[in-house]
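# Architecture at a glance
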Amino acid sequence: AQYLLGSIFYEGKYIKQDISRAIYFLHLSSNQNHSNALFHLGSIYYADKYSKDIRKSIYYLTLSANLNNSDAQFLLGIIYLYEFGFRNINLSLKYLILSSNQNHKHSQYILGILYYRSSFVPRDINKSIKYLTLSANQNVCESQSLLGEIYYSNIYIKKDINKAIHYFKEASCFNDSKSKNYLG
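The following paragraphs examine the structure supplied in this document. (Residues numbered from 1 in each chain as written. Predicted model: local features only at pLDDT ≥ 70, side-chain atom pairs only at ≥ 80, totals over all residues. Heavy atoms only, no water.)

### A word on the overall build of the protein
When you go through the protein residue by residue, the secondary structure sums to 11 helices and zero strands. Reading the protein from its N end, one meets helices and strands in the order α-α-α-α-α-α-α-α-α-α-α. Overall, the C-alpha framework of the protein stretches about 55 × 35 × 25 Å when taken along its three principal axes. Put simply, the protein has 184 residues, and 47% of those count as buried. Here the protein displays about 10100 Å² of accessible surface, and carbon together with sulfur accounts for 49% of that area. Within the protein, one finds 20 positive and 12 negative side-chain charges whose respective centroids are separated by 3 Å. (Helix = DSSP H or I, 4+ residues; strand = E, 2+ residues; numbered from the N terminus. Buried < 20%, exposed > 50% of the residue type's maximum accessible area, 1.4 Å probe, protein only. Areas by Shrake-Rupley, 256 points an atom, 1.4 Å probe, with all protein chains shown as cover. Lys, Arg positive; Asp, Glu negative; His and termini not counted. Charge placed at Lys NZ, Arg CZ, Asp CG, Glu CD.)

Written as structure tokens, this is what we have:
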């Protein structure tokens, strides 16, 4: 009940939004190790313009992630990847992989991008394709489009026009203009 009240006060759907009361009820619920309450608190402290506190966010998200909350693991992965002053690639990969192992499609997409672009990790096209495929199978348009490009380009792997067309068609169902351009 406390988690639900906290969520209602935060969303402001049925009543006027009240961040202070949301945090109060979410704290009560988080004291009982409610994974979603811990995640919600971490999210508020990460993204809310009035309550932003990255250290508190990491604290609550870590508690939630340790309870196998894949959304908390994903958000921790993002924080450790992009947040200035908190960047830790090893922790980012740890949490993104944990989340991906729970079939979190956005973690899979980010991991696919990281291994493809070699942004923070060495390029590994096989890992990239693995994660992008997992994400594409959950209808993540960006993964489908990038897989189409990978199979079409003949740069890192041998060109496979059938796979390229397959992924471009999948992405074009979501009105992906780049994929539509490849298909003609």
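### Points about the packing of helix α7 (residues 105-117) against helix α8 (residues 125-136)
Packing of α7 against α8 leaves a shortest axis separation of 7 Å and a crossing angle of 155°. The orientation of α7 relative to α8 falls into the category roughly antiparallel. The element α7 and its partner α8 pack so that their crossing is left-handed. Taken together, the residues of α8 that come into contact with α7 (itself represented by K105, Q108, Y109, L111, G112, I113, Y115 and Y116) are I125, K127, S128, Y131, L132, L134 and S135. Partitioned by chemical class, the residues of the contact of α7 with α8 number nine nonpolar, four polar and two charged. (Axes fitted to C-alpha atoms, helices over the stretch in contact; angles between N-to-C directions. Parallel < 35°, antiparallel > 145°, perpendicular 65-115°, else oblique. Left-handed = near helix turned anticlockwise from the far one by under 90°. Contact = heavy atoms within 4.5 Å. Nonpolar A, V, L, I, M, F, W, Y, C, P; charged D, E, K, R; others polar.)

### Remarks on a nonpolar patch on the surface
Together, Y152, I161 and I165 line one region of the surface with nonpolar side chains, adding up to about 240 Å² of accessible area. Checked against the element boundaries, I165 lands in helix α10 (residues 161-172). On the accessibility criterion, I165 (33% relative accessible area) is partly exposed. (Patch = residues over 30% accessible without salt bridge, like charges linked within 9 Å, V, L, I, M, F, W, Y side chains within 5 Å. Salt bridge = Lys/Arg side-chain N within 4 Å of Asp/Glu carboxyl O.)

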